[in-house]
Amino acid sequence: MTQPTSTRQRPLSPHLSVYRWTITMAMSTMQRLTGIALYAGTVLLAAWLLSAAISEECFNFVNMIYGSIIGRIILFCYTWALLHHMAGGIRHFIWDMGAAMEKHTASKIAWATLIFSLVATVLVWVIGYSVR
C-alpha cells in the first residue's frame, strides 16, 4: 500500500545554490529588476513634471534634490535601468522570433545587452553634460 501524500517523502527541488549562475540567468533576473526600478523612476519623473505645473518654487526645490549627488546617482541608475530594460526587451523579442536560441549565441546577446546598457548610459550622460 502506498502512504498518503502528506507523509510520503517528496523529492526536493534543487535550490538556487545548486545551479551555476550564467549570464542569461543574470540578465533575465536584471530584466525583471529593472522593470520594477522603472516603476519607481517613473514616480520621480511624474514628481518632476508635477512640480513644474505647481509652481516655480516647487520646481526649483525638486531640481535641487535631483541635482544633488544622491539625486544624480539615482537618475544615473534610472537611465541605466531604462536602457538595460530596453535592450533586454529587444533580446527577448529576438528570442520570441525564434532566432539566437543556441546556448553560445544567447550568452553573447546577453553580454551585448549588458555592455550596450552600460556604454549607452555613459554616453547619454556625457552628451547631456556636453550640451548643458
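Below is a summary of the structure that appears in this document.

## A closer look at the overall build of the protein chain
Next up, step 1: Within the protein chain, the secondary structure is distributed over 4 helices and 0 strands.
Next up, step 2: Counted from the first residue to the last, the protein chain has its helices and strands arranged as α-α-α-α.
Next up, step 3: The buried share among the 132 residues of the protein chain stands at 23%.
Next up, step 4: Nonlocal contacts in the protein chain, meaning residues at least 24 apart in sequence, comprise 72% of its contacts between residues at least 6 apart.
Next up, step 5: Surface summary for the protein chain: the accessible area is close to 10000 Å², and the carbon and sulfur share equals 73%.

## Regarding the nonpolar core
Next up, step 1: By size, the foremost hydrophobic cluster in this structure holds 7 residues: Ile23, Met27, Leu38, Trp80, Ala81, Ala110 and Leu114.
Next up, step 2: Elements with a contribution of two residues or more to this core: helix H1 (23-54), helix H3 (69-96) and helix H4 (103-130).
Next up, step 3: The element best represented in this core is H1, accounting for 3 residues.
Next up, step 4: Ignoring any residue separated from it by four or fewer positions in sequence, one finds Ala81 in contact with Thr34, Ala37 and Leu38.

## Description of the packing of helix H2 (residues 56-67) against H3
Next up, step 1: With their axes 5 Å apart at the nearest point, H2 and H3 run at an angle of 80° to one another. When the axis of H2 is compared with that of H3, the two are roughly perpendicular. Every residue of H3 that contacts H2 at Ile65, Tyr66 and Gly67 is listed here: Ile69, Gly71, Arg72 and Leu75.
Next up, step 2: Tallied by class, the residues present in the contact of H2 with H3 amount to 4 nonpolar, 2 polar and 1 charged.

## Topic: unusual backbone geometry
Next up, step 1: In the Ramachandran plot, Ala100 falls in the positive-phi region, its phi being about 55° despite a non-glycine side chain.
Next up, step 2: Looking at where Ala100 falls in the secondary structure, it is placed in the loop between H3 and H4.
Next up, step 3: When its relative accessible area of 15% is taken as the criterion, Ala100 is described as buried.

## A word on the packing of aromatic side chains
Next up, step 1: In total, this model carries 3 aromatic pairs according to the counting rule given.
Next up, step 2: Arranged with centres 5.9 Å apart and planes meeting at 40°, the rings of Trp125 and Tyr129 form a pair that is tilted. With a gap of 4 residues between them, Trp125 and Tyr129 both fall in helix H4, about one helical turn apart.
Next up, step 3: We classify Tyr129 as partly exposed; its relative accessible area is 38%.
Next up, step 4: Among the aromatic residues, those joined into a ring-pair cluster are Phe76, Trp125 and Tyr129.

## A few points about a nonpolar patch on the surface
Next up, step 1: The grouping of Trp111, Ile115, Val119, Leu123, Ile127 and Val131 at the surface amounts to a nonpolar patch, some 620 Å² of accessible area in total.
Next up, step 2: Tracing the sequence through the fold places Val119 in helix H4.

## Some details on the side chain of Ser117
Next up, step 1: Tracing the backbone shows Ser117 in helix H4.
Next up, step 2: A distance of 3.2 Å separates a polar atom in the side chain of Ser117 from a polar atom in the side chain of His84.
Next up, step 3: With residues up to four places along the chain from it excluded, the contact list for Ser117 reads Trp80, Leu83 and His84.

## Topic: H1
Next up, step 1: Helix length check: H1, at 32 residues, gives a terminal C-alpha distance of 45 Å against a target of 46 Å (1.5 Å per residue), a fit within 8%.
Next up, step 2: Buried within H1 we find Ile23, Met27, Gln31, Thr34, Gly35, Leu38, Gly41 and Ser51.
Next up, step 3: Residues of H1 that are buried make contact with H2, H3 and H4.

Cut-off values and rules
- Residues numbered from 1 in each chain as written.
- Predicted model: local features only at pLDDT ≥ 70, side-chain atom pairs only at ≥ 80, totals over all residues.
- Heavy atoms only, no water.
- Helix = DSSP H or I, 4+ residues; strand = E, 2+ residues; numbered from the N terminus.
- Buried < 20%, exposed > 50% of the residue type's maximum accessible area, 1.4 Å probe, protein only.
- Contact = heavy atoms within 4.5 Å.
- Areas by Shrake-Rupley, 256 points an atom, 1.4 Å probe, with all protein chains shown as cover.
- Core = buried A, V, L, I, M, F, W, Y, C linked by side-chain atoms within 4.5 Å.
- Axes fitted to C-alpha atoms, helices over the stretch in contact; angles between N-to-C directions.
- Parallel < 35°, antiparallel > 145°, perpendicular 65-115°, else oblique.
- Nonpolar A, V, L, I, M, F, W, Y, C, P; charged D, E, K, R; others polar.
- Phe/Tyr/Trp six-rings, centres within 6.5 Å; stacked < 30°, edge-to-face > 60°.
- Patch = residues over 30% accessible without salt bridge, like charges linked within 9 Å, V, L, I, M, F, W, Y side chains within 5 Å.
- Salt bridge = Lys/Arg side-chain N within 4 Å of Asp/Glu carboxyl O.
- Polar contact = N/O pair within 3.5 Å; in protein donor to acceptor, adjacent residues only side chain to side chain.
- Expected span 1.5 Å × (residues − 1).

In short, geometric facts, not functional conclusions.
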